[in-house]
Amino acid sequence: MDEHKDELFVRAGTTSREAYALDIGPERAGWGYSGLRVLELAPGGTHAFATGDSEWILLPLNGGCTVHVEDRTMELPGRESVFAGVTDFAYLPRDAHAQIASGAGGRFALAGARCERRLPARHGPAPEVPVERRGSGVSAREVRNFAAADVFACDRLIAVEVITPGGNWSSYPPHKHDEHVPGQESELEEIYYFEFAAPQGFGYQRVSPSRPGGADVLAEVRAGDAVLVPDGWHGPSIAAPGHPMYYLNVMAGPGEERAWQIRFHPDHAEGYR
């Protein structure tokens, strides 16, 4: 189990490749659909890539960029940091060639999912991103549903951002989406990617087994780390006091319906739904 845990906790820098500070594809994760890259561009930098068999959302983490895909050019003003608020984003279809350029430089997430349908390239305006206040007290957090299943059209990809105040718990109560139960639960692979407001910031992520031999992780997470959730009850995500925590959730799965349906852990759900 310890070896399995190490594979699911991805430390910052361990998957870096060329312009990518983080590069987790289905092959690295050992599953079928979800992927995440973090692209770093110096001032005046450019990056070109083929989208291949996956759809991608280009999401500025800090800084802005211009992206050209198919016959469209989209300007993404971006943001100073993930804690500064929502941002514009761009949807890049499968089987396309994309070029990204940044005059001032920056860091950009590419959230991806293997898919079948080829949807058109589109711009996601920041003012249209629904922001949800979820939970209360020490479980209060902010959820930015920029590519939630019922918000922005994709073939398989689902992605949201979460801001957890320092000292608070999020992704709570523990929940799972690792089997197909019609009307109750979707089968979705998930990636958590973390950042913090201060360089010394840290938090904790728990994934506990929902089946014999299933995913089992308790990790101290810092900026640039990721946790893979192929199955299991995930949560809580805990921000250390004084250290606001950001995470990006990237999800996709084999179901015919693109939906985020979850089941809460029966031992912890009372009073939190």
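Residues numbered from 1 in each chain as written. Predicted model: local features only at pLDDT ≥ 70, side-chain atom pairs only at ≥ 80, totals over all residues. Heavy atoms only, no water.

A count of helical and extended segments in the protein chain gives two helices and 24 strands. Its C-alpha atoms give the protein chain a radius of gyration of 17 Å, near enough to 19 Å, the size a compact globule of 273 residues would have. Viewed in the frame of its principal axes, the protein chain has a C-alpha envelope of about 50 × 40 × 35 Å. Each of the 273 residues in the protein chain was classed as buried or not, and the buried ones make up 56%. The long-range share in the protein chain, meaning contacts at least 24 apart out of those at least 6 apart in sequence, stands at 73%. For the protein chain, the exposed area adds up to about 11,600 Å²; of that, 50% sits on carbon and sulfur atoms. Placing the 25 positive and 38 negative side-chain charges of the protein chain at their respective mean positions leaves the two points 1 Å apart. (Helix = DSSP H or I, 4+ residues; strand = E, 2+ residues; numbered from the N terminus. Rg over C-alpha atoms; globule rule 2.2 N^0.38 Å. Buried < 20%, exposed > 50% of the residue type's maximum accessible area, 1.4 Å probe, protein only. Contact = heavy atoms within 4.5 Å. Areas by Shrake-Rupley, 256 points an atom, 1.4 Å probe, with all protein chains shown as cover. Lys, Arg positive; Asp, Glu negative; His and termini not counted. Charge placed at Lys NZ, Arg CZ, Asp CG, Glu CD.)

Alternating positions in strand β8 (residues 97-102) separate cleanly, Ala98, Ile100 and Ser102 being buried on one face and His97, Gln99 and Ala101 remaining unburied on the opposite face. The pairing of strand β4 (residues 45-50) with β8 spans six bridges and is classified as antiparallel. By the bridge assignment for β8, alanine 50 is matched with histidine 97. Relative to β8, strand β5 (residues 54-69) runs antiparallel, the two sharing four bridges. In the strand pairing of β8, valine 69 is matched with alanine 98. (Pairing = 2+ DSSP bridges.)

Taken as a whole, the protein chain shows an average pLDDT of 95; of its residues, 96% reach a score of 70 or greater. Under a pLDDT of 50 for its full length, residues 1-5 has, in the predicted model, eight contacts with residues more than four places off or in other chains. (pLDDT = per-residue confidence, 0-100.)

Let us look at the layout of surface pockets. One number sums up the size of the largest pocket: a volume of about 530 Å³. Around the largest pocket sit 31 residues that line it, and Arg134, Arg141, Val143, Trp260 and Ile262 are the ones nearest its centre. Sorting the residues of the lining of the largest pocket by element identifies β11 (131-134), β12 (141-147), β13 (158-164), β18 (189-196) and β23 (245-252) as the ones contributing at least two each. Class assignment of the residues belonging to the lining of the largest pocket gives a composition of 17 nonpolar, eight polar and six charged. Roughly 300 Å³ of internal volume is contained in the second largest pocket. Take the lining of the second largest pocket: its biggest share by element is three residues, from strand β17 (residues 185-187). (1 Å grid on protein atoms, 1.4 Å probe; cavity = no way out; pocket = protein on both sides within 12 Å on 5 of 7 lines; lining within 4 Å. Points joined across faces, edges and corners; volume = space filled by probe spheres on them. Nonpolar A, V, L, I, M, F, W, Y, C, P; charged D, E, K, R; others polar.)

Next up on the list: the packing of aromatic side chains. We describe a pair of aromatic rings using the distance from one ring centre to the other and the angle between the two ring planes. In total, this model carries nine aromatic pairs according to the counting rule given. Between tyrosine 192 and phenylalanine 194 the ring centres are 6.1 Å apart and the planes differ by 20 degrees, which places this aromatic pair in the stacked class. Comparing tyrosine 192 with phenylalanine 194 shows no difference in burial state: the two are buried. For the pair phenylalanine 202 and tyrosine 204, a centre-to-centre distance of 5.9 Å together with 85 degrees between the ring planes defines the contact as edge-to-face. Classification of phenylalanine 202 as partly exposed rests on a relative accessible area of 22%. Of the residues examined, tyrosine 204 reaches a relative accessible area of 32% and is grouped as partly exposed. A network of ring pairs unites the aromatic residues Phe89, Tyr91, Phe146 and Phe152 as a single cluster. The ring of tyrosine 91 is capped by arginine 122, whose NZ or CZ atom sits 4.5 Å from the centre of that ring. One residue, lysine 176, lies across the ring of tryptophan 233, its end atom 5.7 Å from the ring centre. (Phe/Tyr/Trp six-rings, centres within 6.5 Å; stacked < 30°, edge-to-face > 60°. Lys NZ or Arg CZ within 6 Å of the ring centre and 35° of its normal.)

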